[in-house]
Amino acid sequence: MPASTSRPPASAVPPDRSARGAAPAPATGPAVRPAPGADSSAAPVAGLLLAAGGGRRLGGRPKALLPFRGRPLVENAVRVLREAGCGPVHVVLGASAAEVRERADLSGCVVVENPDWAEGMGSSLRAGLASLAGAGAGAALVSLVDQPGIGAEAVARVRRAYRSPASLAAAAYGGERGHPVLFGADRWADVAATAEGDRGARVHLARHAAELVLVECGDIAEAYDIDTPADLARLA
């Protein structure tokens, strides 16, 4: 549900896109744990925003440029990452990248253009993680541009799950894994090696399910996606 370009349901990382509403936590799999209190390391947690999608089911309207509160949707996603304490913020663009650069204010961000964005979210994740090499971040918190129902409070909860470069955490909604997802730096190489098509990080997450910390966010966020014309009403 990847170095300077891109395109992002499991989510951009690709955890499986979560449904709205609170469902009971499954009997098997990682237990949903309370959000940790404070970071145990001073290493920064970088924000990695996957915003390369071409909006195929939206008639080819790039998701990054969908209007939200008078500005392009990508600006909202960047603001959320910053307010949650993530930095630096890397943004992976793909569809209509030049137009997104022109119309959206991405100042202060590292913008990565993914020429292979049409191959799926996996290519954008690889490009974004590659761009973080040498940035000094202890982890990357991966979010999707088309989930405006997830605000800074929820993102900050997941960010606080960082404990070391081996950390692995994700937001949960009613016990179901969703976005954003936090990958400690020690995991980036394996995530990139297994990120293909629209699977994103699903392979890595499945292999390391026992190590995954789920941070329940269903009480403060809604994990819907803007995928179809009917979903556009949520941006009003």
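Chains are numbered independently. Their residues run from 1 in the order of the written sequence. Totals for whole chains, interfaces and linings use every residue, but because this is a predicted model, local features are given only for residues with pLDDT of at least 70 and side-chain atom pairs only at 80 or more, for both listing and counting. With hydrogens and water set aside, each side-chain value is computed from the structure's full complement of heavy atoms.

Thoughts on helix H1 (residues 73–83)
Since one α-helical turn is 3.6 residues long, residues separated by three or four positions face the same way. Buried residues are those whose accessible area, probed at 1.4 Å on protein chains only, stays under 20% of the maximum for their type, while exposed residues exceed 50% and partly exposed ones sit between those limits. Starting at the N terminus, helices and strands are each numbered in turn, a helix being any DSSP run of H or I of at least four residues and a strand any DSSP run of E of at least two. With respect to burial, H1 is a largely interior element, 8 of its 11 residues being buried. Three or more residues of H1 are buried, namely Leu73, Val74, Glu75, Asn76, Ala77, Val78, Val80 and Leu81. With its phi angle positive at about 95°, Gly85 sits one or two positions after the end of H1.

A look at the nonpolar core
Side chains of nonpolar character tend, in soluble globular proteins, to be buried together. For the purposes of this section, nonpolar cores are sets of buried Ala, Val, Leu, Ile, Met, Phe, Trp, Tyr and Cys residues that join through side-chain atoms within 4.5 Å. Residues Leu49, Val74, Val91 and Leu106 are the most contacted members of the largest nonpolar core, which totals 48 residues. Contributions of two or more residues to this core are made by strand E2 (45–51), H1, strand E5 (89–93), helix H2 (97–103), strand E7 (139–144), helix H4 (152–159), strand E8 (168–173) and strand E10 (213–216). The biggest single contributor to this core is H1, with 6 residues. Working rule for contacts: check all heavy atoms of both residues, and any pair within 4.5 Å makes them a contact. With residues up to four places along the chain from it excluded, the contact list for Leu106 reads Val74, Val78, Leu93, Val100 and Val111. The next biggest cluster of nonpolar side chains, apart from the first, holds 26 residues, and it includes Ala127, Ala137, Ala140 and Val142.

Topic: the environment of Asp186
Locating Asp186 in the fold gives a position in the loop between strand E9 (176–184) and helix H5 (188–194). Sequence separation of Asp186 and Ser167 is 19 residues, and the distance between their C-alpha atoms is 8.3 Å.

Things to note about the pattern of salt bridges
Side-chain pairing between opposite charges can occur once the charged atoms of the two side chains come close. By definition here, a salt bridge exists when the distance from a side-chain nitrogen of Lys or Arg to a carboxyl oxygen of Asp or Glu is within 4 Å. Across all of its chains, the model carries 12 salt bridges by this definition. Taking the shortest distance from any N to any O, the salt bridge between Asp227 and Lys63 comes out at 2.6 Å. Placement of Asp227 in the segment after E10 and of Lys63 in the loop between E2 and strand E3 (67–68) is noted, with a sequence separation of 164 residues between them. The same class applies to Asp227 as to Lys63, namely buried. Between Asp219 and Arg157 there is a salt bridge, with its nearest N and O atoms 2.8 Å apart. Highlighted residues: Asp219 in the segment after E10 and Arg157 in helix H4, separated in sequence by 62 residues. Residue Asp219 is classed as exposed on the basis of its relative accessible area, which comes to 56%.

Regarding unusual backbone geometry
The amide bond that connects Gly87 to the next residue, Pro88, takes the cis arrangement and shows omega of 0°. Positionally, Pro88 belongs in the loop between H1 and E5. The peptide bond linking His179 to Pro180 adopts the cis configuration, its omega dihedral lying at 0°. Within the secondary structure, Pro180 sits in strand E9. The backbone of Arg69 sits at a positive phi, close to 55°, despite the residue not being glycine. Relative to the helices and strands, Arg69 is located in the loop between E3 and strand E4 (71–72). Positive phi is not limited to glycine here, since Ser96 has a value of about 50°.

Quick word on the side chain of His90
By the element assignment, His90 lies in strand E5. What makes His90 buried here is its relative accessible area of 3%. Ignoring any residue separated from it by four or fewer positions in sequence, one finds His90 in contact with Gly47, Leu48, Leu49, Val110, Ser131 and Leu132.

Some points on the confidence of the model for the chain
Per-residue confidence from the predictor is reported as pLDDT, a score between 0 and 100. For the chain, the mean per-residue pLDDT works out to 85, and 82% of the residues sit at or above 70. Here residues 1–40 is modelled with pLDDT under 50, and outside its nearest four sequence neighbours on either side it reaches 184 contacts, counting other chains as well.

Points about the side chain of Asp231
Along the chain, Asp231 falls in the segment after E10. For the buried residue Asp231, which engages in no salt bridge, the nearest side chain bearing the opposite charge is Arg234, 4.7 Å off. Two N or O atoms count as a polar contact when they lie within 3.5 Å, although within protein this holds only if one can serve as hydrogen donor and the other as acceptor, and sequence-adjacent residues are included solely when both atoms are side-chain atoms. A polar contact of 2.9 Å, which involves the side chain of Asp231, links it to the backbone nitrogen of Asp227. Dropping the residues within four chain positions of it, Asp231 is found in contact with Asp225 and Ile226. Charge assignment in this entry is limited to Lys and Arg as positive and Asp and Glu as negative, and neither His nor the chain termini are counted.

Overview of the packing of aromatic side chains
Only centres within 6.5 Å qualify two rings of Phe, Tyr or Trp (six-membered ring in Trp) as a pair; their planes then separate them into stacked at under 30 degrees, edge-to-face at over 60, and tilted for everything else. Tallied over the full model, the rule gives 0 aromatic pairs. Above the face of the Tyr224 ring, Arg234 is positioned so that its terminal group lies 4.0 Å from the ring centre. Only Lys NZ and Arg CZ are tested; either one counts as a charge over a ring when it is within 6 Å of the ring centre and within 35 degrees of the ring normal.

Re the environment of Val191
By the element assignment, Val191 lies in helix H5. Relative accessible area serves as the criterion here: at 0%, Val191 is assigned to the buried category. Through-space distance from the C-alpha of Val191 to that of Ala201 is 5.8 Å; in sequence the pair is 10 residues apart. With residues near it in sequence (within four places) discarded, Val191 still touches Leu125, Leu129, Phe183, Ala201 and His204.

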